[in-house]
Amino acid sequence: MWGGRFEGGPSAIMREINASIPFDKALWRQDIAASKAHVAMLGRQAIVSPEDAELIASGLDRVAAEYETSGVPENWDLEDIHMTTESRLAELIGPVAGRLHTGRSRNDQVATDFRLWVRDALDEADAGLKALQVALVTRAGEHADSIMPGFTHLQTAQPVTLGHHLMAYYEMAARDRSRFADARVRMNRSPRGAAALAGTGFPIDRAATAAALGFDGPTANSLDSVSDRDFALDYLMAASQCALHLSRLAEEFIIWASQPFGFVRLPDSLSTGSSIMPQKKNPDAAELVRGHAGRIIGCLTALMITMKGLPLAYSKDMQDDKPPVVEAAGLLTLCVAAMTGMVEATTFRTDRMRAAAELGYAPATDLADWLVRQAGIPFREAHHITGAAVKLAESRGAALDQLSIDDLKAIDARIDDRVYAALSVEASVAARVSHGGTAPGEVRKRVAEARGALGLG
């Protein structure tokens, strides 16, 4: 491959450290597609003859068929997917295969192939997240009225509806999809034609090659074209944020499935048992989603550190760009699918949720709000009065609405019988009618908007 520059071949150590075929073989479809677009352009530009261009294209199709059937062979002497494909092409069609590399370098080859692979990963992430959103919206619609405790600091705060809670994760997934979409727009420029680093003297048509591969156009600077891995970092950054959201959702299901909560029954298909304790049903899928978030973030960190000090243009360090991205993409796909299945198939124990909402004095804020609205008391004073009521109820082991009117009047004479209408969890939830609030009507409104955005009607 290196021609006459070297008298001897690489050492065994150099051969092993230099070979990337074990992981960059994942790019074979993109490598074949980019090579076909390149040779078609070479033929149109009369850089190679039409006959040679046609022969090369048909040979690439034969190579692709072999890969599809038998996989990509791992010959470490050929180093990477690019030379593996070109070598097999030469075996199939002879010396004319050497014309394929006219006007290109492995530097712009890998930059193009990797962009195409990452673009596919972005599209896969978007499709998976849309499916998760559909699941969340569907279950939220079923539970727009189902009352549960809302938490801050994992302490009971105010009653909310389960539908409202699930729609919070719909919003997170929407932001994740927007990040993947933004990354796709930024990365959709073709490096093909930048060659090694300075462009080429052949009269190539970079715009035509870019269009054939679905790019919006060619990149503008040859040095940047072969050394840029921003697109991979953009993907990993979006994947890391998405993994954080999935981990939070997984943690909710883990907590809700525990016996002290008992808010959900997880599907058997996404749970495991114990080798010694027959009663156990462990939320292992959710725990692995939570754990995989750390691995995905680690992939981002690895590539950031690889890229942090590289001078222009290409350096061999950048061969280490693909393993973290491929690993993260595989993990993210699994995590999105696992949480989608969990949302779809989990049984929500709304009786336990409602009972928990009645504990912890969740309607306390509603008492303070009532004092502000009905008695004209400043909120800070109302907050103090309500705190005294909670203290009394707690001392008696009673809910706020179980205190007598005499008890409440003893705390503040301005309280009257109308207050009881505000102290139930149903009243508390129904009162939150502000835009984006937890009132069932607001939840249904948001579900309808989300269904429209998802094309569900």
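Refer to the structure printed above.
This report concerns the structure included in the present document. (Residues numbered from 1 in each chain as written. Predicted model: local features only at pLDDT ≥ 70, side-chain atom pairs only at ≥ 80, totals over all residues. Heavy atoms only, no water.)

The subject of this paragraph is the overall build of the protein. The number of helices and strands found in the protein is 18 helices and four strands. Rg of the C-alpha trace for the protein: 30 Å, well past the compact-globule value of 23 Å for 457 residues, more than 25% over. Counting over 457 residues, the protein shows a buried share of 49%. Across the protein, contacts joining residues at least 24 apart in sequence account for 75% of those joining residues at least 6 apart. For the protein, the centre of its 48 positive side-chain charges and the centre of its 58 negative side-chain charges are spaced 2 Å apart. (Helix = DSSP H or I, 4+ residues; strand = E, 2+ residues; numbered from the N terminus. Rg over C-alpha atoms; globule rule 2.2 N^0.38 Å. Buried < 20%, exposed > 50% of the residue type's maximum accessible area, 1.4 Å probe, protein only. Contact = heavy atoms within 4.5 Å. Lys, Arg positive; Asp, Glu negative; His and termini not counted. Charge placed at Lys NZ, Arg CZ, Asp CG, Glu CD.)

Of note, A90 is situated in helix 5 (residues 81–93). By relative accessible area, which is 33% here, A90 ends up partly exposed. Along the chain, A90 and G59 lie 31 residues apart, while their C-alpha atoms are 8.7 Å from each other.

Quick look at the side chain of H82 now. Take H82: it is sitting in helix 5. One polar contact links H82 to D31, side chain to side chain, over a distance of 2.9 Å. Only 3.4 Å separates the side chain of H82 from the side chain of D113, close enough to count as a polar contact. For H82, the residues in contact, after removing those within four places along its chain, are D31, R106, Q109, V110 and D113. (Polar contact = N/O pair within 3.5 Å; in protein donor to acceptor, adjacent residues only side chain to side chain.)

So, about the layout of surface pockets. Put simply, the largest pocket is a space of about 440 Å³. In this structure, the largest pocket is lined by 19 residues; those nearest its centre are G150, F151, T152, H165 and E252. Broken down by class, the residue content of the lining of the largest pocket amounts to ten nonpolar, six polar and three charged. (1 Å grid on protein atoms, 1.4 Å probe; cavity = no way out; pocket = protein on both sides within 12 Å on 5 of 7 lines; lining within 4 Å. Points joined across faces, edges and corners; volume = space filled by probe spheres on them. Nonpolar A, V, L, I, M, F, W, Y, C, P; charged D, E, K, R; others polar.)

Right, let's talk about empty space enclosed by the protein for a bit. Overall, the coordinates contain one cavity of 30 Å³ or more when judged by the stated rule. Of the volumes computed, that of the largest cavity is approximately 60 Å³. Here the residues of the lining of the largest cavity sort into eight nonpolar, one polar and one charged.

What follows is about the side chain of T438. Along the chain, T438 turns up in the loop between helix 17 (425–431) and helix 18 (440–453). By relative accessible area, T438 is classed as buried at 4%. A polar side-chain atom of T438 sits 2.9 Å from the main-chain amide nitrogen of T161. When sequence neighbours within four positions are dropped, the list of residues in contact with T438 reads P159, V160, T161, H164, V429, R432 and V443.

Bridge count between strand 1 (residues 147–152) and strand 2 (residues 155–161): five bridges; the pairing is antiparallel. Directly across from T152, in strand 2, lies its bridge partner Q155. Between strand 1 and strand 2, which pair antiparallel one after the other, the connecting turn spans two residues, and H153 there sits at a positive phi close to 60°. (Pairing = 2+ DSSP bridges.)

Given two aromatic rings, their pairing is described by the distance between the two centres and the angle made by the two planes. With the rule as written, the count across this model stands at eight aromatic pairs. Ring centres 5.5 Å apart and planes at 75° place the aromatic pair F114 and F231 in the edge-to-face group. In this pair, F114 is assigned in helix 6 (residues 106–142) and F231 in helix 10 (residues 230–257), connecting sequence segments 117 residues apart. Comparing F114 with F231 shows no difference in burial state: the two are buried. Here the aromatic rings of F261 and F263 are separated by 5.2 Å at their centres, their planes lie at 80°, and the arrangement is edge-to-face. By the ring-pair criterion, three or more aromatic residues cluster together here, those being F151, F253, W256, F261, F263 and F348. Lying across the ring of F215, R119 places its NZ or CZ 4.9 Å from the centre. Seen from the ring of F114, K322 lies directly overhead, with NZ or CZ sitting 5.4 Å from the centre. (Phe/Tyr/Trp six-rings, centres within 6.5 Å; stacked < 30°, edge-to-face > 60°. Lys NZ or Arg CZ within 6 Å of the ring centre and 35° of its normal.)

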